[in-house]
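The lines below spell out each chain.
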Amino acid sequence: MDYGLGVRLQQPFGPTVDAVTAALKEQGFGVLTTIDVRATLREKIGEEIEDYLILGACNPALAHRALRADRRIGLLLPCNVVVRTDGDATVVEAVDPQTLVALAGPDGGLAEVADEAARRLGAALDSLRG
């Protein structure tokens, strides 16, 4: 099962993070959390990996609709967006909201919310291509 949407860009990591944040904002998402996986692994266990951020993105209106449909959906929120280097490229990947429906079950009104979230995340990723 493919659980992500993604794009590979020939751009440096730092400017890509800024572009991702702006693209998400254009689609109504804010970044609630930023987890610097590289720094955490270095600090906690002395391991080195490539630049790797996990952005916790949230569209409040969609989150509210999802919570009205299923209060337990908070276990799967916010939508994670990963920005990481891969060789000379930067990869941006977002969780496919349809995965949430697959995990929570098709009943309960989540399908429409997931469809809209997928459309908005897809549009954000598409805008990064230029």
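Heads up: the structure comes first, above all this text.
Residues numbered from 1 in each chain as written. Predicted model: local features only at pLDDT ≥ 70, side-chain atom pairs only at ≥ 80, totals over all residues. Heavy atoms only, no water.

Draft legend 1. Up close: unusual backbone geometry. The amide bond that connects L77 to the next residue, P78, takes the cis arrangement and shows omega of -5 degrees. With respect to the helices, strands and loops of the structure, P78 is situated in the loop between α3 (60-69) and β4 (79-86). (Helix = DSSP H or I, 4+ residues; strand = E, 2+ residues; numbered from the N terminus.)

Draft legend 2. Local environment of the environment of L75. Summarising the element assignment, L75 is placed in the loop between α3 and β4. Exposure remark for L75: the relative accessible area of 67% places this residue in the exposed category. Sequence separation of L75 and L100 is 25 residues, and the distance between their C-alpha atoms is 9.8 Å. (Buried < 20%, exposed > 50% of the residue type's maximum accessible area, 1.4 Å probe, protein only.)

Draft legend 3. Region of the structure containing the sheet that holds β4. Spatial strand order, β1-β5-β4-β3-β2: 5 strands in an open sheet with antiparallel pairing. Looking at which strands have only one partner, the edges of the open sheet turn out to be β1 (4-9) and β2 (30-36). Averaged over all pairs of adjacent strands, the angle between strand axes in this sheet comes to 20 degrees, irrespective of strand direction. Against the sheet, helix α5 (residues 110-128) makes contact with β1, β4 and β5 (89-95), and its axis sits at roughly 5 degrees relative to β1, the strand it touches most. (Pairing = 2+ DSSP bridges. Axes fitted to C-alpha atoms, helices over the stretch in contact; angles between N-to-C directions. Contact = heavy atoms within 4.5 Å.)

Draft legend 4. Local environment of helix α2 (residues 37-45). You can read the cap of α2 off the contacts: a side-chain oxygen lies 3.3 Å from the backbone nitrogen of R38, and it is on D36. G46 sits one or two residues past α2 and shows a positive phi near 70 degrees. (Polar contact = N/O pair within 3.5 Å; in protein donor to acceptor, adjacent residues only side chain to side chain.)

Draft legend 5. Region of interest: the nonpolar core. Judged by nonpolar contacts, the single largest core of 29 residues is most densely connected at V20, L24, V81, V83, V92 and L128. For this core, the element with the highest residue contribution is α5, accounting for 8 residues. Sequence-distant contacts of L128, that is, excluding residues within four places in its chain, are made with V7, L9, Q11, A19, V20, A23 and V92. (Core = buried A, V, L, I, M, F, W, Y, C linked by side-chain atoms within 4.5 Å.)

Draft legend 6. Focus on the environment of P97. For P97, the position within the fold is in helix α4 (residues 97-104). Spatially, the C-alpha atom of P97 lies 8.8 Å from that of E116, the residues being 19 residues apart in sequence. Excluding residues within four positions of it along the chain, P97 makes contact with L5, A114, A117, A118 and L121.

Draft legend 7. Summary view of the pattern of salt bridges. Taken as a whole, this structure holds 9 salt bridges when the rule is applied. Among the charged side chains, a network of salt bridges with common partners joins R38, R42, E48 and D51. (Salt bridge = Lys/Arg side-chain N within 4 Å of Asp/Glu carboxyl O.)

Draft legend 8. Layout of helix α1 (residues 13-26). Taking 1.5 Å as the rise per residue, α1 with 14 residues should run 20 Å; its terminal C-alpha atoms sit 20 Å apart, in good agreement. Within the sequence span of α1, burial applies to F13, T16, V17, V20, A23 and L24. Buried residues of α1, seen end-on, are gathered within an arc of 130 degrees and therefore sit on one face of the element. Residues of α1 that are exposed and angled more than 90 degrees away from the buried face: D18, K25 and E26. (Expected span 1.5 Å × (residues − 1). Arc of directions from axis to C-beta.)

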